[in-house]
Amino acid sequence: MTFDWEYAASLLWYAPLWKASLVVVALSVLAWTIAACLGFFLALAKLSSLPLLKLPVAAYVWFFRSLPLLVLLIFVYNLPLVMPWTSDYLSNPFVAGLLALVLSETAYMAEIHRGGLLSVHSGQREAGKALGISYFGIQRLIVVPQAIRISLPTLSNQFITIVKLTSLVSVISLAEILLVGQRLYTQNFKVLETMLMVSLFYVLIVTLFDNALKFGERHLDVSRRKTHRNAINSEQLASLLVHQPARKETGQDTSGEEHVEAVIEARGINKRFGEMQVLKDVSLSVKRGETVSIIGPSGSGKTTFIRTLNGLEVPDSGRITLNGEVFFSREPNEPKKEQRLPRLAQVEKVGMVFQQFNLFPHRTALQNVLLGPRYHRRGSAKQLELEALEMLDKVGLLVHAHKYPHQLSGGQQQRVAIARALAMRPAVMLFDEPTSALDPELVGEVLKTIEDLAHEGMTLIIVTHEMQFARRISDKIVFMEAGSVLHAASPHETFENCNEPRVRQFLQEFKAHEPTR
Ligand SMILES: Nc1ncnc2c1ncn2[C@@H]1O[C@H](COP(=O)(O)OP(=O)(O)OP(=O)(O)O)[C@@H](O)[C@H]1O
């Protein structure tokens, strides 16, 4: 018996095979799209801290991943036997096949999305929170685009798996490629020739969609992007700004707040992580235009303290006011049942610059700066863009406006992060060790930017290990140790005249190592 090449080639023009290919494509695309969407919501639910959400999802994923698709297909197709009202839909093999595929694939997709969501660094969510963006806004604008980009290769791979799994739907008599082939070879016994062409049709579909999805992956991969748009220069920006209406200073002084001396005031802040009391009755008052540096040994609670000032950490007790308005308040013995989070509208007024920059990697420098003001609808699109460019100009990065974070140096990234916080027009700027993650040669440019802000009269609270810098620009130095404020005084009193032996010892140890900046 010889291989019948002529018969095999004739199947290329065999209309039922092309029709069956369309069925496979429709079934795969629908199953993949529906399962990818449902799986995303299941992944969010599984990552939630609410047992009522995560436990049923965990059970669903466990059950449908354990069940062979073939068993599920037969079960769904025969469901009308016990539930006759389903026969209107499930007696159609396409609908029954689609339902079985969606039920099974959603469980896999949920796990793929969960992996993608988990791989988005927590600093990304914190940067969104610090801009006063709501939970859903953070998901939509920051987490989901990054998670999808991470999980897209696995999602694409799952599409290929689905295309191949559609061949199982032949057991419920859906005229897909395999069933058409089977019908042919049971009549002519040319099994190998028919199966060769059946394989060819599958390979064709997979190749087509694989390339389309790879194109999508490449499109979403910002690391491959080049900066095509020309950046404008400072002169061009100045001429554009001339025609702009006067800016509304949203975060800073608002009418009626002139009398408030302290921009931000914290009283009796306590915070515990498990058994460890990290903040012990910490108080700090910062006046408008003041620069306060918080120094102290590692682990003394400096970062935790400034994170309470913009709601990234919720204190166990204490009171924080911002421009005279209560931002957070809880009495020491108040039960913790009720979750008391600072209001987003107030968080907006506190700018935060993180040690690790936390720029959004899928957005250009300009888009990073624009995100907060755009989200809060602080003006028209054109006006906001000009203001964002102005902020980038202020930190010396106007020419880099259309670059992605990975195309910038560490120092430049940190300056974009400063511009991003400034674009919200905050009443106070918090800096959490802004130069600790930088190479020594890049530290100077960031310190210079902060120093310029101090000279302009911006209210600043800086956690830093840069002693010379703190001494030069601060109005007040706060020394923290073991969760308490041990000393708070002017730089002169702190560096020249301090009576506190622990502070003197700490500064002496630093003097021996710190470079002059
Ligand atoms: N989320 C957390 N869960 C548990 N413990 C934490 C958490 N965050 C901080 N801590 C602990 O709280 C203490 C204070 O940490 P914090 O980061 O505020 O100190 P720091 O003074 O800023 O230190 P460094 O100068 O090294 O950054 C440390 O012992 C730290 O391990």
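Going by the annotation in an unreviewed UniProt entry, the name recorded for the protein is Amino acid ABC transporter permease/ATP-binding protein, with Modicisalibacter luteus given as the source organism.

S.K.: Before we go on, may I ask you to explain the UniProt feature "transmembrane region" (unreviewed entry) in the protein in this structure?
M.R.: In this numbering, the UniProt entry assigns the feature "transmembrane region" (unreviewed entry) to residues 20-45, 57-77, 89-110, 158-179 and 191-209. Taken end to end, residues 20-45 comprises 100% helix and 0% strand; its first and last C-alpha atoms sit 37 Å apart. Taken end to end, residues 89-110 is 91% helix and 0% strand, and its first and last C-alpha atoms sit 26 Å apart.

S.K.: Teacher, can you tell me more about the UniProt feature "domain: ABC transmembrane type-1" (unreviewed entry) in the protein here?
M.R.: Residues given the UniProt feature "domain: ABC transmembrane type-1" (unreviewed entry) here are residues 21-210. End C-alpha to end C-alpha, residues 21-210 measures 16 Å, and it is 81% helix and 0% strand.

S.K.: Even after reading the chapter, I still don't get the domain arrangement of the protein, so can you show me in this structure?
M.R.: How large an interface is tends to be reported as the accessible area lost when its parts come together. Along its sequence, the protein is organised into domain 1 (5-220) and domain 2 (289-312 + 344-513). Domain 1 and domain 2 are separated by 47 Å when their C-alpha centres are compared. Across the contact, 17 residues belong to domain 1 and 21 residues belong to domain 2. A combined buried area of about 1600 Å² lies between domain 1 and domain 2, and 65% of that area is made up of carbon and sulfur atoms. Considering only the side of domain 1, the residues that lose the most area to domain 2 are E126, A130 and L131, jointly responsible for 35% of the buried surface there. Connecting domain 1 to domain 2 are one salt bridge. With a closest N to O distance of 2.6 Å, R307 and E126 form a salt bridge.

S.K.: For this particular structure, what's the right way to read a nonpolar patch on the surface?
M.R.: Nonpolar side chains collect at one region of the surface, where F3, W5, L192 and L196 lie side by side and expose about 450 Å² of accessible area between them. Here L192 shows up in helix α10 (residues 191-220).

S.K.: Which parts of the structure should I look at to understand the pairing of strand β7 (residues 428-432)?
M.R.: Note on strand geometry: in a regular strand, side chains alternate between the two faces of the sheet. When you tally the buried positions in β7, you get five out of five residues, the bulk of the element. Burial along β7 is two-sided: V428, L430 and D432 facing one way and M429 and F431 facing the other are all buried. With four bridges connecting them, strand β6 (residues 350-353) and β7 associate as parallel partners. Opposite V350, over in β7, you have V428 as the bridge partner. Where β7 lies against strand β8 (residues 460-463), four bridges are found, and the strand directions are parallel. Opposite F431, over in β8, you have I462 as the bridge partner. Between β7 and its parallel partner β8, the chain crosses via helix α17 (residues 440-456), and the hand of that crossover is right-handed.

Definitions and limits used
Residues numbered from 1 in each chain as written. Predicted model: local features only at pLDDT ≥ 70, side-chain atom pairs only at ≥ 80, totals over all residues. Heavy atoms only, no water. UniProt positions renumbered as here; feature names shortened; annotations may be inferred. Helix = DSSP H or I, 4+ residues; strand = E, 2+ residues; numbered from the N terminus. Domains from an automatic or database assignment. Contact = heavy atoms within 4.5 Å. Buried area = accessible area lost by both parts, 1.4 Å probe. Salt bridge = Lys/Arg side-chain N within 4 Å of Asp/Glu carboxyl O. Patch = residues over 30% accessible without salt bridge, like charges linked within 9 Å, V, L, I, M, F, W, Y side chains within 5 Å. Areas by Shrake-Rupley, 256 points an atom, 1.4 Å probe, with all protein chains shown as cover. Buried < 20%, exposed > 50% of the residue type's maximum accessible area, 1.4 Å probe, protein only. Pairing = 2+ DSSP bridges. Right-handed = clockwise from strand over helix to strand, strands pointing away.

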